[in-house]
Amino acid sequence: MAGRSEVRRWQSEGLPPDPYSTENAILVKNGRRWPLLIDPHDQAYNWIRQMEGKKLRQVLASDPGYMKTLENAIRLGEPILLQDVSEDLDPSLKPVLGKEIHSRAGQDFIQLGDSEIVYNQNFRLYMSTQNHSPHFLPAVCIMVTVISFTVTFKGLQDQLLSSVVTHEQPHLELQRNDLLENISSDLSTLRDLEERSLTLLQKTEGHLLDDEDLIDTL
């Protein structure tokens, strides 16, 4: 999980200094699935663009040639931001979203359409939409981590409060950040356990109490 120095680095790269944004950033960085960001105010975009720097590839989901850009990013292990995705994701993305990677002779590969390409483990995928209230189908939600960066009134209050406290009492802001990171870390762990519990419940055969892995997770 993220430490204080890492969170402060994210904030220096444009992440808003409020607990909601910190929790979102931890999910982006540590989630098992690729993040799909609801970002009507470009807060996630500004952070990701500064964090990833010049290597970040940006492409619109409406661009007919975006899959070629995606393939190159996978081969080279570079980050890519797929912008303005629709509520019904392109089926061609399924192998990438499902991380359907296989190894052969010590090399990782992924099948995209008719092509098998080398998969570089440094590859990172971000997806975003500026639609403030998208309705993603369940089939989409189980393949990605949907994270809302929509600015709320409470979020704006926290951002303004953080700016004032940082200026007037910087030591109090450091203590506050520590508390927020602990809370966000615990929430992220809780979400992972909930997802794992649901997955195990779907796979369990027979009596639930006989599944030790499920019991330990619960």
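- Taking an unreviewed UniProt entry as the reference, the protein is identified by name as Dynein heavy chain ATP-binding dynein motor region domain-containing protein belonging to Staurois parvus.

### Topic: the sheet that holds strand β6 (residues 115-118)
Here comes step 1: Strand order in the open sheet formed by three strands is β4-β5-β6, with antiparallel pairing between adjacent strands. Two strands close off the open sheet at either side, each with one partner strand: β4 (101-104) and β6. On average, each strand axis in the sheet is inclined to that of its neighbour by 40°, with strand direction left out of account.
Here comes step 2: Note that β4 and strand β5 (residues 107-112) share four bridges and pair antiparallel. Across the sheet, the residue bridging to S103 is D108, located in β5.
Here comes step 3: Here helix α4 (residues 66-76) sits on the sheet in contact with β5 and β6, set at roughly 35° to β6.

### Details of the pattern of salt bridges
Here comes step 1: Here the structure, examined in full by the defined rule, presents seven salt bridges.
Here comes step 2: Between R124 and E52 there is a salt bridge whose closest N-O contact spans 2.8 Å. Of this pair, R124 sits in strand β7 (residues 124-129) while E52 sits in helix α3 (residues 43-52), and the two are 72 residues apart along the sequence.
Here comes step 3: Residue classification places E52 among the buried residues on the basis of a relative accessible area of 13%.
Here comes step 4: Note that E116 and R104 form a salt bridge whose closest N and O atoms lie 2.9 Å from each other. Of this pair, E116 sits in strand β6 while R104 sits in strand β4, placing them twelve residues apart in sequence.
Here comes step 5: Through salt bridges with shared partners, a single ionic network connects E6, R9 and E13.

### Things to note about the packing of helix α2 (residues 19-30) against α3
Two numbers describe a pair of packed helices, the interaxial angle and the distance between the axes.
Here comes step 1: Where α2 contacts α3, the two axes come as close as 12 Å, and the packing angle between them is 55°. In terms of orientation, α2 and α3 fall into the oblique class. Crossing angle aside, the handedness with which α2 passes α3 is right-handed. For the pair α2 and α3, contact is made by S21, A25, V28 and K29 and by Q43, W47 and M51, respectively.

### Some points on α3
Here comes step 1: Three or more residues of α3 are buried, namely Q43, A44, W47, I48, M51 and E52. Mapping the buried residues of α3 onto a view down its axis gives an arc of 135°, with all of them on the same face.
Here comes step 2: Downstream of α3 by a residue or two, G53 has a phi angle that is positive, lying close to 75°.

### A few points about the pairing of strand β8 (residues 145-148)
Here comes step 1: Residues T145 and I147 point to one face of β8 and are all buried, whereas V146 and S148, pointing to the other face, are not buried.
Here comes step 2: Relative to β8, strand β1 (residues 35-38) runs parallel, the two being bridged by four bridges. Bridging from a neighbouring strand, I38 pairs with S148 of β8.

How each quantity is defined
- Residues numbered from 1 in each chain as written.
- Predicted model: local features only at pLDDT ≥ 70, side-chain atom pairs only at ≥ 80, totals over all residues.
- Heavy atoms only, no water.
- Pairing = 2+ DSSP bridges.
- Helix = DSSP H or I, 4+ residues; strand = E, 2+ residues; numbered from the N terminus.
- Axes fitted to C-alpha atoms, helices over the stretch in contact; angles between N-to-C directions.
- Contact = heavy atoms within 4.5 Å.
- Salt bridge = Lys/Arg side-chain N within 4 Å of Asp/Glu carboxyl O.
- Buried < 20%, exposed > 50% of the residue type's maximum accessible area, 1.4 Å probe, protein only.
- Parallel < 35°, antiparallel > 145°, perpendicular 65-115°, else oblique.
- Left-handed = near helix turned anticlockwise from the far one by under 90°.
- Arc of directions from axis to C-beta.

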